[in-house]
Structures are given as C-alpha cells and as structure tokens.
Amino acid sequence: MTLFYQFHFYVFGLFAVASALLFVTRRSPIAAALWLVNVMISLAALYVMMGAHFVGAVQVIIYAGAIMVVFLFVVMLLNLGHADAIADVRGKGWRLGAGAVGLALLALLLVAVRQRMPAVTVDARPVNAVAPLAESLYRDYVLAFEAASLVLLAAIVAAVVLAKRSART
Amino acid sequence: MLSEALFFSAVLFTIGVIGVLTRRNALIVFMSVELMMNAVNLSLVALSMLHGLGGQVFVVLVMTVAAAEAVVGLAIIIAVFRHFRSVDVQNINLLRG
C-alpha cells in the first residue's frame, strides 16, 4: 500500500466522519440529507480504495443517488416549515443518555476492532473487479438474489398501499 | 487499511445511534438508521478483503433491503404526517401501554 493511497484513505474516512457529525447536528432536514449524501460519497471512495469497485459505483448510484433523492423528495413534499420553529432535539436527559450510550458503544466497538488485523494488500491497478462478484452473486448467492427481488416487489406494493390517500378521509 | 476501515465504521455507527436517540424529527431518525447501515456496509467491505467476495455480495443485498426499507418507511412517515400534521416521533405513542 503506497503512502499516497494510505493518505487518501484517511482523508476520505475523516471526511465521512466529519460529515456524519455535521449531519446529526443540523436542524434543517434538507441540510442533514445533503451532509448524509456527503458521507455516502466518501464511503464510496473508501470502497473503491478497498478494491470493491462495483460496490462503490452502486453506493453512488443507489444510495447517494436514488435513496437520498427519495428522502429529499419526501422532505420537500411534507413542507415542514422553517427548521428553527420545530423543537427537534430531545431534552437534556435524552441527550446525556444518548451521549453515555454512544460512548459505551464506541468503547465496545473500538475494543472489538482493536485486535491486530492481518495486513491485507489491495492491487491499486485497475482490475476486472466486477466479474468475480457477478460469479459469486449469480452462482453461490442466487437464492438470496431472487429473494431480494421479492423484497423489492413487496416494498413497492406496501408503499403504494400506505401512501395512498384513503377514500374515506 | 483494514483496521482503519473498521475504526471509521465503528465511529460512524456510533454517530448514527446518537442521531437516533437525540433527534425527534422522524425523517432525521430514519436517515440516522441509513447512516448505521452504511457503517455496517463499510465493515463488510473491509472484511471482504480478508475473507473473500461474500461480504461484497452481502453489501449489494443490504443496499436492496435498504432501498425497500426507505420506501416503506417514508410511506409510513407520510401516513403519520397526514394524521398528526407533524413528523415528531413523540406523537407516535399509540402502542404505549
């Protein structure tokens, strides 16, 4: 792993963490959603650096593109008014509790990932990274792939049923 | 690279948990859940460098489920908004005992 690569890994990782912190502290849902898009694009860069080119591309297209656009669409559809007018953050007790839970969880996770990881090397040159993934997806995990299509179908039907304005009201 | 990725994943997951616990806007709570899912995806991709491509396949499936979850969740939020005229999660206490 070259120093150049290592440096950019840190840059994008810290960028993701900083964007996530800005995301949870924004009051306006639009600003929060845009910072979350920032997190997702930084994560896509990390995926590409870790050799998962296809997952990085899908992250940009599906997550940062499709899912967050749906979020923004709903935020604008609901038209919640000015952000400061809404008391959005919970009270002091909740915040202290959340901070305690967050610190405990962070300590737990860091202890869990602190153990010596074996050094892995990623080939920085462009390789054909999609074909092995497709082979694995369509051969070993084909049942999960088909089940995912059923999940999507069920989600479409559920969304239409839930969001449809009922005739009675 | 692997341990750094797992570190970033842990930090992002924690930020997502804090977002879920401290915010009252249902949309932002929902986005925090998406952030937690992204953190898990990051650790899956990182560990797939070590254990083969199964992790990346799983990430693709997680993204599928996340899309489905986002659609259904946003539909529920729209229904809640029609009922209460707000998306404050403190309104949603119908099932409280």
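Please read all numbers here as calculations on a predicted model, not as lab measurements.

Rules used in this analysis
- Residues numbered from 1 in each chain as written.
- Chains lettered and ligands numbered in written order.
- Predicted model: local features only at pLDDT ≥ 70, side-chain atom pairs only at ≥ 80, totals over all residues.
- Helix = DSSP H or I, 4+ residues; strand = E, 2+ residues; numbered from the N terminus.
- Rg over C-alpha atoms; globule rule 2.2 N^0.38 Å.
- Buried ≥ 20, exposed ≤ 12 C-beta atoms within 10 Å, placed from the backbone.
- Contact = placed C-beta atoms within 7 Å.
- Nonpolar A, V, L, I, M, F, W, Y, C, P; charged D, E, K, R; others polar.
- Domains from an automatic or database assignment.
- Axes fitted to C-alpha atoms, helices over the stretch in contact; angles between N-to-C directions.
- Parallel < 35°, antiparallel > 145°, perpendicular 65-115°, else oblique.
- Core = buried A, V, L, I, M, F, W, Y, C linked by C-beta atoms within 7 Å.
- pLDDT = per-residue confidence, 0-100.
- Expected span 1.5 Å × (residues − 1).

Q: Report on the overall build of chain A, specifying residues and quantitative values.
A: Secondary structure assignment for chain A yields six helices and zero strands. Along its sequence from the N terminus, chain A presents helices and strands in the succession α-α-α-α-α-α.

Q: Give a detailed account of the overall build of chain B, specifying residues and quantitative values.
A: Looking only at helices and strands, chain B has three helices and zero strands in total. Along chain B, from the amino end to the carboxyl end, the secondary structure elements read α-α-α. In summary, chain B has a C-alpha radius of gyration of 16 Å against a globular reference of 13 Å for 97 residues, an excess of more than 25%. Each principal axis of the C-alpha atoms in chain B carries an extent, and together these give about 50 × 25 × 25 Å. Buried positions account for 55% of the 97 residues belonging to chain B. Contacts in chain B between residues far apart in sequence, at least 24 positions, make up 51% of those at least 6 positions apart.

Q: Got a sec to walk through the environment of T25 of chain A? Specific residues and values, please.
A: In this fold, T25 of chain A is placed in helix α1 (residues 3-25). Residues T25 of chain A and V89 of chain A, spaced 64 residues apart in sequence, show a C-alpha to C-alpha distance of 9.1 Å.

Q: Which residues make up the interface of chain A and chain B, and what values go with them?
A: Tallying the contact residues gives 67 residues for chain A and 59 residues for chain B. Within the residue set of the side of chain A that touches chain B, elements represented by two or more residues are α1, α2 (29-49), α3 (53-78), α4 (92-113), α5 (130-140) and α6 (142-163) of chain A. For the side of chain A that touches chain B, the class distribution of residues is 59 nonpolar, five polar and three charged.

Q: Please set out the domain arrangement of chain A residue by residue, giving values where relevant.
A: A common way to report how large an interface is uses the accessible area buried once the components associate. All names here are of chain A. By domain assignment, chain A separates into domain 1 (3-81 + 90-127) and domain 2 (128-169). At the junction of the two partners, domain 1 supplies four residues and domain 2 supplies four residues. Classifying every residue of the side of domain 1 that touches domain 2 gives two nonpolar, two polar and no charged.

Q: Give me the lowdown on the packing of α2 of chain A against helix α2 (residues 26-51) of chain B, citing residues and values where you can.
A: One way to put it is that α2 of chain A packs onto α2 of chain B with a least axis distance of 11 Å and a crossing angle of 5°. Relative to α2 of chain B, α2 of chain A is oriented roughly parallel. Contact residues: P29, A32, A33, L36, V39, M40, L43, L46 and Y47 of chain A in α2 of chain A; L27, I28, M31, E34, L35, N38, L42 and V45 of chain B in α2 of chain B. In terms of residue class, the contact of α2 of chain A with α2 of chain B is built from 15 nonpolar, one polar and one charged.

Q: An account of the nonpolar core is requested, with residue identities and associated values reported.
A: In summary, soluble globular proteins display a tendency toward joint burial of nonpolar side chains. Grouped together as the largest cluster of nonpolar side chains are 68 residues, with contacts concentrated most on L36 and M50 of chain A together with L12 and L27 of chain B. Mapped onto this core, the elements with two or more residues apiece are α1, α2, α3, α5 and α6 of chain A together with α1 (2-22), α2 and α3 (54-84) of chain B. Looking at this core, you find at least three residues from each of domain 1 (3-81 + 90-127) and domain 2 (128-169) of chain A.

Q: An account of the confidence of the model for chain B is needed here, citing residue identities and associated values.
A: For chain B, mean pLDDT is 88; residues scoring 70 or higher make up 99% of the total. Here the complex is predicted with pTM 0.88, and the ipTM for its interfaces comes to 0.90.

Q: Would you mind going over the environment of L21 of chain A in detail, with residue names and values included?
A: As for its position among the elements, L21 of chain A is in helix α1. As a C-alpha pair, L21 of chain A and A129 of chain A span 108 residues in sequence and 32 Å in three-dimensional space.

Q: Account for the packing of α2 of chain B against α3 of chain B, naming residues and giving values.
A: Residue and element names in this part refer to chain B. At a minimum axis distance of 9 Å, the contact between α2 and α3 shows a crossing angle of 175°. As the angle between them shows, α2 and α3 are arranged roughly antiparallel. Across from A26, L27, F30, E34, M37, N41, L44, V45, L47, S48 and H51 in α2, the residues of α3 making contact are G54, G55, Q56, F58, V59, V62, A66, G73, I77 and V80.

Q: Describe α1 of chain B, with residues and values.
A: The first and last C-alpha atoms of α1 of chain B sit 30 Å apart over 21 residues, in line with the 30 Å expected at 1.5 Å per residue. Counting buried positions along α1 of chain B gives 16 out of 21 residues, so the element sits mostly inside the fold.

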